[in-house]
Amino acid sequence: MTESPEAAPLRIAVVGHTNAGKTSLLRTLTRRVDFGEVSDRPGTTRHVERIDLRVDGRPAVRFFDTPGLEDAVTLLAHVQTLDGDSRPERIRRFLAGPEAHGAFEQEAKVLRTLLEEADAAFLVIDVREPVLPKFRDEVELLGACGKPVMPVLNFVAQAAGQGAGEAEWRAMLAAAGLHAVVRFDAAAPFTGAERELYQDLGTLLPARRESLRAIAAHLQREAEARREAGCTLIAEGLVEIAAMRRAVPAEAMQDETARRTEVNALRRQVTERAQHHVDTLLGLYGFREGDGAEAPLPPLQGRWTLDLFHPETLRQAGVRLGQGAAVGAAVGVVADLAVGGLSLGAGAALGGALGGALAQGWGPFGRRLANRLRGVQELTVEDGVLFVVADWQLRLLLALERRGHGSAARVDAGSAAPAPAVAQALAAAVRATQPARGHAEWGRGRSLFGGHIGGEARREAIADTARHLAQAAAHADEKA
């Protein structure tokens, strides 16, 4: 039993000149950073490889990554000498001849795939290149196969401001009868570029229009689900960091060496937890560990906090000391950060940045009361650190959304101060983590049996934090 045309995967040959970015495009469209090899060396792809884009568990599009066309000028001259009643017939005669296994072996792989296996082709064009005769001959050869061809103008972001390159390419393609053209950038695709690619392809394949619309809609749902999952992931890390604490004997706090040891221990713990969530975020977006550049975070002034007197702790213990001023002072400096913005410096590694975010002193009231009641100080992470981690990781999420899998450079989250609306939403996210201050166990993440610690209260704190992070991302979209 054969599949109906709508049920069978759409087969697309990805074709173009050597080093035009074909494999880079496929990495981006399939979110497979490990597919093929991306290099500045010409002719990196030497064989036809295939990869599927799956929708709801089944292959919706089957891509064929083909070698680059290298000598279209000579091949076109040869094909034009062959007998045949049509251009596709002359291509078939060429493929049946000895030249297809000799001097034009690479070109033969491309034309055979398009002629015999594909429903259509994406013609990938590096618009940074000038329009040369060899490119015109490539278009004519591909057109001779009699299959719909969709030109994809690649590297448009890098080509911006480099003269009339894109306009010249459009004029050449229009002269060849190719008027449906898509702008794309495999290294830095703009928002919605993938969906537009499939929607525009529907104009060339009317029989597939509905399935292509379904693919575009699926991509939209996937993007929304990834953002929601990303915000939840960041929120989970913030709640865990907010809950972290290190109990230190009062006498150790008086000794500079011992105090530094305790500070460094908590610093490492926070750094490792933040980096773990960054690596997970990279994986969510189909990137590898290490693909994210170091966080451009500045040293922050921190504080010793006495979370014994945090409102959540006081509620749990049933203590009503009536020390509203002292409790309020322990909550943090989020409001000040939101009003003033956060000046992010460049080049500071995450470890050094968070290291500077732990305080070097404490208020006399907190010290005396802690020594009297417990004989210990609890070292925790200040709200300012949470704000900076939230800002940095949200920037990374947004950068991943706008980053193609064909780029070989590391992802740069940027370092400019957040816009006021974004800062306000981030501050609200930090405030939403505050219940964690009274739950040290939330800082451990998972129990020995693999489940999360904290139950419904922890889930609510994460959901509330994630909601504010999503609002911050929406405000950032408006500014982009």
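Overview of the structure. Here the structure is a predicted model, which is why all the values come from computation and not from measurement.

## Overview of the pattern of salt bridges
Move 1: Counting across every chain of the model gives 16 salt bridges.
Move 2: The residue Arg93 makes a salt bridge to Glu89 at a minimum N-O spacing of 4.0 Å. Of this pair, Arg93 and Glu89 are both found in helix α3 (residues 87-96), four residues apart, which corresponds to roughly one turn of the helix.
Move 3: Residue classification places Arg93 among the partly exposed residues on the basis of a relative accessible area of 43%.
Move 4: Judged by relative accessible area, Glu89 falls into the partly exposed class, the value being 28%.
Move 5: Glu240 serves as the salt-bridge partner of Arg458, at 3.3 Å between the closest nitrogen and oxygen. Linking Arg458 in helix α19 (residues 455-479) with Glu240 in helix α9 (residues 209-243), this pair joins segments that are 218 residues apart in sequence. Across this residue pair, the class does not change: Arg458 and Glu240 are buried.

## A look at the packing of helix α2 (residues 72-79) against helix α5 (residues 133-143)
Move 1: Following both chains from N to C, one finds α2 and α5 inclined at 45 degrees, their axes separated by 8 Å at the closest point. Between α2 and α5, the angle falls in the class oblique. Crossing geometry of α2 relative to α5 is assigned as left-handed. Counted together, Ala72, Val73, Leu75, Leu76 and Val79 of α2 and Lys134, Asp137, Glu138, Glu140 and Leu141 of α5 form the full contact between these two elements.
Move 2: Within the contact of α2 with α5, the residues separate by chemical class into six nonpolar, no polar and four charged.

Rules and cut-offs
Residues numbered from 1 in each chain as written. Predicted model: local features only at pLDDT ≥ 70, side-chain atom pairs only at ≥ 80, totals over all residues. Heavy atoms only, no water. Salt bridge = Lys/Arg side-chain N within 4 Å of Asp/Glu carboxyl O. Helix = DSSP H or I, 4+ residues; strand = E, 2+ residues; numbered from the N terminus. Buried < 20%, exposed > 50% of the residue type's maximum accessible area, 1.4 Å probe, protein only. Axes fitted to C-alpha atoms, helices over the stretch in contact; angles between N-to-C directions. Parallel < 35°, antiparallel > 145°, perpendicular 65-115°, else oblique. Left-handed = near helix turned anticlockwise from the far one by under 90°. Contact = heavy atoms within 4.5 Å. Nonpolar A, V, L, I, M, F, W, Y, C, P; charged D, E, K, R; others polar.

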